[in-house]
Every structure is written in structure tokens, then in C-alpha cells.
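Each chain is listed here by its residues.
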Amino acid sequence: MTLLMSATETSVVAGVMTFTMYCVFPLTILLYLMRSGKRKREKRQIEVATQQKPQQNLTQASPANSEAGDK
């Protein structure tokens, strides 16, 4: 529909602007909003992973430190 609207414009520039303003920009906004939930989940997963890494490093470092102290 938008392609037909832009094809009937009087100049090429007006046609490109019509297609961009009525199709491309609204579509990018819609896709951005639809993906917001996935971005939030990915951000939470990264935060959880970074919080778990220091805990794993501490548990891995503890036996090594205790063995070094025993020798």
C-alpha cells in the first residue's frame, strides 16, 4: 500500500520520502518495541551470569588457597 502511495507522488524525492516516512520509520519503531522484552531478558541473564562468576571464582580459589597454606 505504501509503495503504491509513493509511486503516485509527483517526484522521485517525494516518493522516497513518502515511503520512508510512512513505512520504514514506523516499521523500525514497531520492531524496536516488539524486541524490548527480549532485550530485558538478555540484560537480566547477563547480570545473573556476572554475579555468579565472582562466586564461582571464590569457591574455586578457596581449595587452592587452603592447599597452599598446608604445605
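Sequence order as written defines residue numbering, which begins from 1 separately in each chain. Local features in this predicted model are restricted to residues whose pLDDT is 70 or higher, and side-chain atom pairs enter the listing and the counts only when it is 80 or higher, whereas totals over whole chains, interfaces and linings include all residues. Hydrogens are left out, water is left out, and the side-chain values use all remaining heavy atoms of the structure.

### Some words on the overall build of the protein
Point 1. Secondary structure elements follow DSSP: runs of H or I no shorter than four residues count as helices, runs of E no shorter than two count as strands, and numbering proceeds from the N terminus. Along its length, the protein carries three helices and zero strands.
Point 2. When accessible area is computed with a 1.4 Å probe and restricted to protein chains, residues below 20% of their type maximum are described as buried, those above 50% as exposed, and intermediate ones as partly exposed. Within the span of the protein, comprising 71 residues, buried residues form 7% of the whole.
Point 3. In short, Shrake-Rupley with a 1.4 Å probe defines the accessible areas, and a residue's cover is counted only from the protein chains shown. On the protein, roughly 6400 Å² of surface is accessible, and the fraction owed to carbon and sulfur atoms is 64%.

### Describing the confidence of the model for the protein
Point 1. How sure the predictor is of each residue is captured by pLDDT, a score from 0 to 100. Summarising the model, the protein shows a mean pLDDT of 83, and 75% of its residues fall at 70 or more.
Point 2. Within the protein, helix H3 (residues 36–70) has the poorest average pLDDT of any element, 74, and helix H2 (residues 12–34) the best, 95.

### Overview of H2
Point 1. Look at H2: 32 Å from first C-alpha to last across 23 residues, which is about the 33 Å you get at 1.5 Å a residue.
Point 2. A bend of about 35 degrees at Thr20 is the largest found in H2.
Point 3. Those residues of H2 that fall on the buried side of the exposure criterion are Gly15, Thr18 and Thr20.
Point 4. Only heavy atoms enter the contact rule, under which two residues are in contact if any of them lie within 4.5 Å. Lining the buried residues of H2 we find helix H1 (2–7). Expected helix span is computed as 1.5 Å times (number of residues minus one). The quantity called bend is, for any residue, the angle between two axes fitted respectively to the seven residues ending at it and the seven beginning at it.

### Notes on the packing of aromatic side chains
The description of two aromatic rings rests on the distance between their centres and on the angle between their planes.
Point 1. Whether two aromatic rings pair depends on their centres lying within 6.5 Å, for rings of Phe, Tyr and Trp, where Trp uses its six-membered ring; planes under 30 degrees apart make the pair stacked, over 60 edge-to-face, and the rest tilted. The full count for this structure, using the stated rule, is zero aromatic pairs.
Point 2. Sitting above the plane of the Tyr32 ring, Arg39 keeps its charged end 4.1 Å from the centroid. Charge-over-ring placement is defined geometrically: NZ (Lys) or CZ (Arg) within 6 Å of the ring centre, and within 35 degrees of the ring normal.

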